[in-house]
Amino acid sequence: MGYLKPWLVPKNEEKGHKTKMPETKEKFLKLISNIMNNEFNLSELFPNSNDQDIILEQIEDLKKCLDSFRPLEGRHIEKLDQYFDEVYTYDSTTIEGNTLTLQETALVINKGVTIGGKSLNEHFEIINHKEAIDYIKDAVKKKNSYNKRLLLDIHQLILKNINPQDAGKYRNIDVFISGSEHKPPTFLQVESLMEDYFKYYEDNKDILNPVLLSAELHNRLVTIHPFIDGNGRTSRLIMNLVLLQHGFPITNISSRNDLREDYYKSLETSQVNGNHEVFNLFIVKNAKESLIKYLEVISANGEESEKGLYFYNRVEELIKNK
Ligand SMILES: Nc1ncnc2c1ncn2[C@@H]1O[C@H](COP(=O)(O)OP(=O)(O)O)[C@@H](O)[C@H]1O
Ligand SMILES: [Mg+2]
């Protein structure tokens, strides 16, 4: 008689699962097929609101749903992350003026091809941005904390091969933001404002809601505008560094014209009136959207049918209460 391999142990003898498994699995599979057939979508179960506290509660719940699928690993998670990185790179560089389409962006990232008629700099912007995403993911894995060194490293990557003199350095001239009423502070103040900025981070990193912390760091950084160029992309990467550090998926600000306008306007409101609420709400809504998109894909994947108990139970509950 051969020895028993653990993976050959019949399911009902496994500790903890016992007889519960078949019933639960059946329920999962039915919910998965409902999601796949678009019989409901998560945005309906977590409806829109303009109340920041309500959305933050939804985010907490969606986060628990996502956590119930951990560990997040496997081929489909890799594909999902790859897709999120492509869309994020496309949107963040498009906001900045890059003219490559989403498909072209994906080709440059994945196949290293060059796109006819597009400048070398536009290619570098895509490659650099993807490299910077990998950098922040690595920093999260290594549990590196956010500080001046890390910020300058990210900026260095963003302007690499494009503007080597200014890459990874605070600016030494005054700048304007085109189309904006906000005039960034004189370069003479940048160093000390950035010290205050990192002090704000240290004082708040363990007490502020992580989504609000990510929004504040984004907003405060672009408002100081410490770099000659690349402030927007770098700030969005810092926001995502903080989100990833807290187990959230990457949050993307769409380059679609109307949404880009909302983004600029909400920044302008905080700069002109000192009111950060509009921008915070904008980011909180974005973070919720990303969680929903991520969960929709994960939960619809059959491979995960033995995970996600909290999610499936929660969805069932929300459908019942509808
Ligand atoms: N009032 C504002 N209106 C528009 N953009 C603003 C405003 N304040 C700050 N910004 C930021 O400035 C960024 C553009 O600055 P820039 O240094 O050119 O960054 P990048 O080259 O990465 O776009 C925008 O993406 C936005 O994040
Ligand atoms: Mg720019």
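Note that the structure is predicted; figures quoted are calculated from it, not measured. (Residues numbered from 1 in each chain as written. Chains lettered and ligands numbered in written order. Predicted model: local features only at pLDDT ≥ 70, side-chain atom pairs only at ≥ 80, totals over all residues.)

A. Quick peek at helix 8 (residues 187–204). Its 18 residues give helix 8 an end-to-end C-alpha distance of 26 Å, which sits within 8% of 26 Å, the value for a rise of 1.5 Å per residue. Those residues of helix 8 not exposed but buried are Val 190, Tyr 197 and Tyr 201. Along its buried surface, helix 8 packs onto helix 9 (210–224). (Helix = DSSP H or I, 4+ residues; strand = E, 2+ residues; numbered from the N terminus. Expected span 1.5 Å × (residues − 1). Buried ≥ 20, exposed ≤ 12 C-beta atoms within 10 Å, placed from the backbone. Contact = placed C-beta atoms within 7 Å.)

B. The confidence of the model for the chain, seen in detail. Chain-level statistics for the chain give a pLDDT mean of 89 and a share of 87% at 70 or above. In this model, residues 1–21 is a region of pLDDT below 50 whose contacts with residues beyond four sequence positions or in other chains number six contacts. (pLDDT = per-residue confidence, 0-100.)

C. Molecular detail of the site of ligand 1. In the vicinity of ligand 1, 16 residues are found, and the nearest of them are Glu 96, Ser 180, Asn 231, Gly 232 and Arg 233. Among the secondary structure elements, those contributing two or more residues to the shell around ligand 1 are helix 10 (231–245) and helix 11 (257–273). (Near = placed C-beta within 6 Å.)

D. Spotlight on the packing of helix 7 (residues 148–159) against helix 10. At a minimum axis separation of 10 Å, helix 7 and helix 10 run at an interaxial angle of 130°. As summarised for this structure, helix 7 and helix 10 are arranged oblique, according to the angle between their axes. Crossing of helix 7 over helix 10 shows right-handed handedness. Note on element contacts: helix 10 touches helix 7 through Arg 233, Thr 234, Leu 237 and Ile 238, opposite Leu 151, Ile 154, His 155 and Ile 158. (Axes fitted to C-alpha atoms, helices over the stretch in contact; angles between N-to-C directions. Parallel < 35°, antiparallel > 145°, perpendicular 65-115°, else oblique. Left-handed = near helix turned anticlockwise from the far one by under 90°.)

E. Fine view of the nonpolar core. One finds Leu 62, Ile 238, Ala 287, Leu 291 and Leu 295 to be the most contacted residues of the largest nonpolar core, which totals 54 residues. Considering every element that reaches this core, the biggest residue donor is helix 12 (residues 277–299), with ten residues. (Core = buried A, V, L, I, M, F, W, Y, C linked by C-beta atoms within 7 Å.)

F. Broad picture of the environment of Phe 69. By the element assignment, Phe 69 lies in the loop between helix 3 (52–67) and helix 4 (75–95). Measuring from C-alpha to C-alpha, the distance between Phe 69 and Lys 307 comes to 5.2 Å, with 238 residues separating the pair along the chain.

G. Examining the packing of helix 4 against helix 6 (residues 120–141) more closely. Running from N to C, helix 4 and helix 6 cross one another at 125°; their axes reach a closest spacing of 10 Å. Accordingly, the angle class assigned to the pair helix 4 and helix 6 is oblique. Between helix 4 and helix 6 lies a crossing of right-handed hand. Of the residues in helix 6, those touching helix 4 at Asp 85, Tyr 88, Thr 89, Ser 92 and Thr 93 are Glu 125, Ile 126, His 129, Lys 130 and Ile 133.

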